[in-house]
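Architecture at a glance
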Protein chains: 2
Amino acid sequence: MVAVPPRMIDVAKRADVALSTVSYALNGTRPVSASTRRRILRAMEELGYRPNALAQGLAGKRTHIIALLFPTPERGLGVTEMEFATGAADAAREHGYHLILSPSELRSVHELEQLTGQGLIDGALVMEVHIDDERVNLLRQAGIPFSMIGRTSDPGAISYADIDFEQTTRDAIEHLVGLGHRSVGFLNHSPSAYSVGYGPTVRAAEGFRRAASAAGLAHLERLCGDSVAAGEAAFHELRATSPDMTALVVMNDRAVVGVMDALDEIGWRVPDHFSIVSIASSTQVTEMMRPKLTTLEPPSTELGRLGVRMLLDQLDTKDGEPLSPTQVLLPCRLVVGGSSGPAPASR
Amino acid sequence: MVAVPPRMIDVAKRADVALSTVSYALNGTRPVSASTRRRILRAMEELGYRPNALAQGLAGKRTHIIALLFPTPERGLGVTEMEFATGAADAAREHGYHLILSPSELRSVHELEQLTGQGLIDGALVMEVHIDDERVNLLRQAGIPFSMIGRTSDPGAISYADIDFEQTTRDAIEHLVGLGHRSVGFLNHSPSAYSVGYGPTVRAAEGFRRAASAAGLAHLERLCGDSVAAGEAAFHELRATSPDMTALVVMNDRAVVGVMDALDEIGWRVPDHFSIVSIASSTQVTEMMRPKLTTLEPPSTELGRLGVRMLLDQLDTKDGEPLSPTQVLLPCRLVVGGSSGPAPASR
DNA sequence: TTGTAGGCGTTATCAC
DNA sequence: GTGATAACGCCTACAA
């Protein structure tokens, strides 16, 4: 019924050479005369031969499969996370690797052990990294090669690609300062994200604090639930605390909507009365809002690609010394929309 | 350095049984006495044994890996697609399968052959299905088990889970008719999506046409590029053609923003002067707009899960007769937002 | 109920 | 340069 796929031995017979010669011809592990190689290639062609990945992996100690570890956060993944994944998948494919999408919950470290113990993957790319991440510890001691999108507090010799939150927050503030704002608030992710040490949340908070101080700015920061209502409430509270605030930096796509609602309620228009700069929001999201949000757009796809490339670099030099890790911080790109404008003269 | 993982033979020795007994105990292919089984389990536990997936696959003819085939459309994937993927990955994990994320471009059928020929996957789940889809043909004749999220014009005996566009468009129209609208337009995806036979585009067009006729409605439909500008232009044209139009059904997250801009320009307010119902848009998107869009939210995660389940059903009964396919159409859920209201009395 | 042996399709280590 | 032939780790008739 279903044709049985040709094996290497079939190719060998047809080309009238030994099985091993075919293998060597295939992955150039040893010199093969041009004519022999030609015959082999022709035989493969005619038979429609495809090497069996499983057998290769079993015998060769390399599966060409890597895993993308992404814990599903409370309320689903966003556009940015999707772009990590597609970037990673793309890069993997380009290098002849397969990418397994592994929804590894933080809680069940067990599942991670399962995955790594199966001998199925050559390495892993860890997403949604926390300041102190169990998965990272596990991979480390399991001796599984891996790299990260994001980073722990002490990345050591692990390769990673992360957003440069220090610079990103600084850019956001400089943009606003350039527009004359002197009192700027910051709306971050949820308290729970902060307390579990979610990297972006923690680093953006630090970055903002530092950048605001450096700019000699009056500022106020606040964690905020990932919902419209929370954003609305947070704005009102911030305003109560700091009535002279004229702009807000927001890293929370849900909450920012609530902020705009709140502004509407009190009759303030954006950007005439108040400015908003979104951080690490995809333009795919900010372009849906009115006014279109000014954002510092993260290089998501690139981060995904980079993460994979770093991992593969490591794998390719697995034999020999452990290759110095690549650690990269990428800046976000300022995309000026209609939500940021000159500070109002007075209030 | 790195501890060598225990093999089945190690477990056998430690439990003082034959290698095969361990194997049978593991996958219950044959009865094993309780005491023996206990000893074996204890030995596995103590050794931290994990069966090698590659070896299992090679010998057993089942890899427990499936592939998710998703061509990356022109301008990236949206939230809905991400939910397909996470739903699928979740379901796969629950059933002990791994999910390979395979960005198979439509153009390079070659890559698909590569993937299937490697003997790596047990089956595939096809996303972004077109009315006439090369990948489907290929999988069919390659004898690879697969199911679809979406469907071709002639699914035959292939299992699929798809959105019920017929019902969805009808629901959209009924919602508007219930509000008194008598002239309703439809803004679809891009012309190119239609011309290549992208399922949702084609089926929603048909569905809308039929539902509008059935409702005795004046209506007008139009394809529209996936951009704000295109949406804006399209609205103006529709209005020129059909000045009495009081509502629009839109299946195009980018364009809908343009429509709202256009309404703003001419001073029409939503929903007082004009109503909008979005189709197959995630609430994650519609909730960012002001007013919040009324939408028919697709059961994306569920579709992903269903697709995987169907595929696995098929795999489990691969031996024996070919199990009748499961073919399911799921409705979207009407989520009323602030973009749809009573038809204006006059204009 | 338990044990034995022959694959599964490659890679890699030997000789020649 | 090229050929045999062990592994790789597990599954599964087949025999006991």
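The text that follows walks through the structure, step by step, so that each part is easy to find. Sequence order sets the numbering: in each chain, residues are counted from 1 along the sequence as written. Naming scheme: in the order in which they are written, chains are lettered from A and ligands are numbered from 1. The model is predicted, so local features are restricted to residues of pLDDT at least 70 and side-chain atom pairs to those at 80 or more, both for listing and for counting; the totals for chains, interfaces and linings are taken over all residues. Only hydrogens and water are set aside when side-chain values are computed; all heavy atoms of the structure are taken into account.

This brings us to the overall build of chain A. Per the convention used, a helix needs a DSSP run of H or I reaching at least four residues, while a strand needs a run of E reaching at least two, with both numbered from the N terminus. Looking only at helices and strands, chain A has 14 helices and 12 strands in total. For chain A, whose C-alpha radius of gyration is 26 Å, the value lies well above the compact-globule estimate of 20 Å for 347 residues. Its C-alpha atoms give chain A principal-axis dimensions of about 90 × 40 × 35 Å. Expressed as a percentage of the 347 residues in chain A, the buried residues total 53%. Summarising the internal contacts of chain A: among those between residues at least 6 apart in sequence, 71% fall at separations of at least 24. Throughout, the Shrake-Rupley method with a 1.4 Å probe supplies accessible areas, and for residues the shown protein chains are the sole cover considered. Carbon and sulfur atoms form 52% of the exposed surface of chain A, whose accessible area is close to 14,800 Å². Between the two quantities, the radius of gyration covers C-alpha atoms and the globule rule is 2.2 Å times the number of residues to the power 0.38. Burial status follows relative accessibility: with a 1.4 Å probe on protein chains alone, a residue under 20% of its type maximum counts as buried, one over 50% as exposed, and anything between as partly exposed. Contacts are assigned to residue pairs that have any heavy atoms within 4.5 Å of one another.

Attention shifts here to the protein's contact with DNA strand C. One heavy atom within 4 Å of a molecule or strand is enough for the residue carrying it to be called near that molecule or strand. Surrounding DNA strand C, one finds 27 residues, the nearest of these being Met8, Tyr24 and Ala59 of chain A together with Ala18 and Thr36 of chain B. Restricting the count to atoms of DNA strand C within 4 Å of the protein gives a sugar and phosphate share of 53%. Broken down by secondary-structure element, the contributors of at least two residues to the surface near DNA strand C are α2 (19–26) and α4 (53–60) of chain A together with α2 (19–26) and α4 (53–60) of chain B. Charged residues are taken to be Asp, Glu, Lys and Arg, nonpolar residues to be Ala, Val, Leu, Ile, Met, Phe, Trp, Tyr, Cys and Pro, and polar residues to be all remaining types, Gly included. Class assignment of the residues belonging to the surface near DNA strand C gives a composition of 13 nonpolar, 10 polar and 4 charged.

Residues and elements named next belong to chain A. If you trace the 6 strands from one edge of the open sheet to the other, you get β7-β6-β8-β9-β10-β12, paired in mixed fashion. Taken across any chain shown, the strands that pair with only one partner, and hence form the sheet edges, are β7 (218–222) and β12 (333–335). Each strand of the sheet is rotated relative to its neighbour by a mean of 20 degrees, with strand direction disregarded. By this definition, two strands are paired if DSSP reports at least two bridges between them. Pairing of strand β9 (residues 275–279) with strand β10 (residues 294–297) involves 3 bridges; the strand directions are parallel. Geometry is summarised by axes, namely lines fitted to C-alpha atoms with helices restricted to the contacting stretch, and by angles between N-to-C directions that run from 0 to 180 degrees.

One can describe the packing of α4 of chain A onto α4 of chain B by two numbers: an axis separation of 9 Å at closest approach and a directional angle of 135 degrees. As the angle between them shows, α4 of chain A and α4 of chain B are arranged oblique. Both α4 of chain A and α4 of chain B take part in a crossing whose hand is left-handed. Counted together, Leu54, Ala55, Gly57 and Leu58 of chain A of α4 of chain A and Leu54, Ala55, Gly57 and Leu58 of chain B of α4 of chain B form the full contact between these two elements. By definition in this entry, angles of less than 35 degrees are roughly parallel, angles greater than 145 are roughly antiparallel, angles of 65 to 115 are roughly perpendicular, and the rest are oblique. In this scheme the handedness of a crossing depends on how the near helix is turned from the far one: anticlockwise by less than a right angle means left-handed, clockwise means right-handed.

As a structural note, the neighbourhood of DNA strand D is formed by 27 residues, with Ala18, Arg30 and Thr36 of chain A together with Met8 and Tyr49 of chain B the closest of them. Close to the protein, within 4 Å, the atoms of DNA strand D belong to sugar or phosphate groups at a rate of 56%. In the model, a phosphate oxygen of DNA strand D is placed 2.6 Å from a nitrogen or oxygen of the Thr36 of chain A side chain. In the model, a phosphate oxygen of DNA strand D is placed 3.1 Å from a nitrogen or oxygen of the Asn52 of chain B main chain. If you list the elements that add at least two residues to the surface near DNA strand D, you get α2 and α4 of chain A together with α2 and α4 of chain B. A total of 4 residues in the surface near DNA strand D trace back to one element, the largest contributor, which is α4 of chain B. Of the residues contributing to the surface near DNA strand D, the split by class is 12 nonpolar, 10 polar and 5 charged. In protein, a polar contact means a hydrogen-donor-capable atom and an acceptor-capable atom, both N or O and within 3.5 Å, with residues adjacent in sequence counting only if both atoms are side-chain atoms; elsewhere, any N or O pair within 3.5 Å suffices.

Only Phe, Tyr and Trp rings take part, Trp by its six-membered ring, and two of them pair if their centres are within 6.5 Å. Stacked means planes under 30 degrees apart, edge-to-face means over 60, and tilted covers everything else. Scanning all chains against the criterion turns up 8 aromatic pairs over all chains. When the centroid spacing of 4.9 Å and the interplanar angle of 25 degrees are considered together, the rings of Phe186 of chain B and Phe208 of chain B count as stacked. You can see Phe186 of chain B sitting in strand β6 (residues 183–187) and its partner Phe208 of chain B sitting in helix α10 (residues 199–214), a full 22 residues away along the chain. Aromatic rings pair up to connect Phe235, Trp268 and Phe274 of chain A into one cluster. The ring centre of Trp268 of chain A lies 5.0 Å from the NZ or CZ of Arg239 of chain A, which sits over that ring. For a ring to carry a charge above it, either NZ of a lysine or CZ of an arginine must fall within 6 Å of the ring centroid while also lying within 35 degrees of the normal to the ring plane.

Take the sheet that holds β6 of chain B next. All names here are of chain B. Reading across the sheet, the 6 strands line up as β7-β6-β8-β9-β10-β12 and stay open at both edges, with mixed pairing between neighbours. Each having just a single partner strand, β7 (218–222) and β12 (333–335) make up the two edges of the open sheet. Between one strand and the next, the sheet's axes are offset by a mean angle of 20 degrees, whatever the strand orientation. Alignment of β6 against β7, held across 5 bridges, turns out to be parallel. By the bridge assignment for β7, Phe186 is matched with Glu221. Sheet contacts for helix α8 (residues 165–178): β6, β8 (247–250), β9 (275–279), β10 (294–297) and β12; angle to β9, the most-contacted strand, approximately 165 degrees.

This next bit is on helix α11 (residues 228–241) of chain A. All names here are of chain A. With 14 residues, α11 extends 20 Å between its outermost C-alpha atoms, agreeing within 8% with the 20 Å of an ideal straight helix rising 1.5 Å per residue. Of all the residues in α11, the buried ones are Gly231, Ala234, Phe235 and Leu238. Buried residues along α11 cover an arc of 105 degrees about the axis, so they all sit on one side. Residues of α11 that are exposed and point over 90 degrees away from its buried face: Ala229 and Ala240. Those residues of α11 that are buried are in contact with β6 (183–187), β7, β8 (247–250) and α12 (253–265). Expected helix span is computed as 1.5 Å times (number of residues minus one). What the arc covers is the set of directions going from the helix axis to the C-beta atoms.

Another aspect to go through is the side chain of Thr86 of chain A. Assignment of secondary structure puts Thr86 of chain A in helix α5 (residues 79–94). If we skip the residues at most four places from it in the chain, Thr86 of chain A touches Phe70 and Leu77 of chain B.

What follows covers the environment of Val256 of chain B. All names here are of chain B. By secondary structure assignment, the location of Val256 is in helix α12 (residues 253–265). Note: C-alpha distance between Val256 and Arg50 (206 residues apart in sequence) is 52 Å. Those residues in contact with Val256, other than ones at most four positions away along the chain, are Val250, Ile276, Met289 and Leu293.

These results come straight from atomic positions and should not be treated as a statement about function.
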